[in-house]
Amino acid sequence: MERTLSIIKPDGVERGLIGEVIKRLEADDLKIIAMKMIHMTKAQAEGFYAVHKQRPFFESLTTFMSSGPAVVMVLEGENVIGRYRELMGATNYKEAAEGTIRKEFATDIEKNVVHGSDAPQTAAFEIAYFFNSFEIVR
Ligand code: CMP
């Protein structure tokens with residue numbers, strides 16, 4: 001069993017895609033074991049994406065991620081990190097496979113609707129960044 005952090009980013013929430021994303025998670029048997037809506041401050045977004053601090057897109061990304069509400073979720077299942085990444089599609093929606101969330105809904109490499117952890121260690125950091133143990137079911 002594995003866990004991953006999922007975020008429906010501010011563009012996804014703004015455009016009414018919460019239901020669309022959750023429908024796809026459930027259809028693929030990715031179990032939601034925690035969920036809440038948050039509005040990150042700039043500092044919180046900077047802490048979350050600290051690994052990208054030196055990248056040229058850091059300032060723009062953290063401004064975008066703190067621009068409106070987002071939905072954060074913990075997903076659990078076998079190989080859930082990889083399975084969720086498959087549902088999302090490539091970071092750059094132009095390279096994403098047909099039928100993926102980003103291919104169908106992303107409008108920009110930054111405004112790409114969803115985020116998912118890329119490895120077990122990252123997932124552990126990202127889950128603990130938003131959730132304490134009482135907020136995670138079972
Ligand atoms: P995410 O999976 O949340 O991880 C980092 C985010 O930075 C990425 O999705 C995009 O929203 C954003 N981003 C903006 N420009 C780039 C880029 N050139 N390469 C990778 N990520 C980018």
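Scroll up a little and you will see the structure.
Residues numbered from 1 in each chain as written. Predicted model: local features only at pLDDT ≥ 70, side-chain atom pairs only at ≥ 80, totals over all residues. Heavy atoms only, no water.

**Regarding the site of the ligand**
Lys-9, Tyr-49, His-52, Phe-57, Leu-61, Thr-91, Arg-102, Ile-109, Glu-110, Asn-112 and His-115 make up every residue found near the ligand. Within the backbone of Glu-110, a nitrogen or oxygen atom sits 2.9 Å from an oxygen atom of the ligand. Take His-115: an N or O atom from its side chain is 2.8 Å from an oxygen atom of the ligand. Against a free-state accessible area of 450 Å², the protein chains account for coverage of 80% of the ligand. (Near = heavy atom within 4 Å. Polar contact = N/O pair within 3.5 Å; in protein donor to acceptor, adjacent residues only side chain to side chain. Areas by Shrake-Rupley, 256 points an atom, 1.4 Å probe, with all protein chains shown as cover.)

**Considering the packing of aromatic side chains**
Going through the model one piece at a time under the given rule, you end up with five aromatic pairs. A centroid spacing of 4.8 Å and a plane angle of 80 degrees characterise the contact between Phe-48 and Tyr-49, whose relative ring orientation is edge-to-face. The residues Phe-48 and Tyr-49 share a single accessibility class, namely buried. Three or more aromatic residues joined by ring pairs form one cluster here, namely Phe-48, Tyr-49, Phe-125, Tyr-129 and Phe-130. Over the ring of Phe-131 we find Lys-36; its NZ or CZ atom is 4.6 Å from the centre of that ring. Its guanidinium or amino end placed over the ring of Phe-64, Lys-111 lies 5.0 Å from that ring's centre, counting from NZ or CZ. (Phe/Tyr/Trp six-rings, centres within 6.5 Å; stacked < 30°, edge-to-face > 60°. Buried < 20%, exposed > 50% of the residue type's maximum accessible area, 1.4 Å probe, protein only. Lys NZ or Arg CZ within 6 Å of the ring centre and 35° of its normal.)

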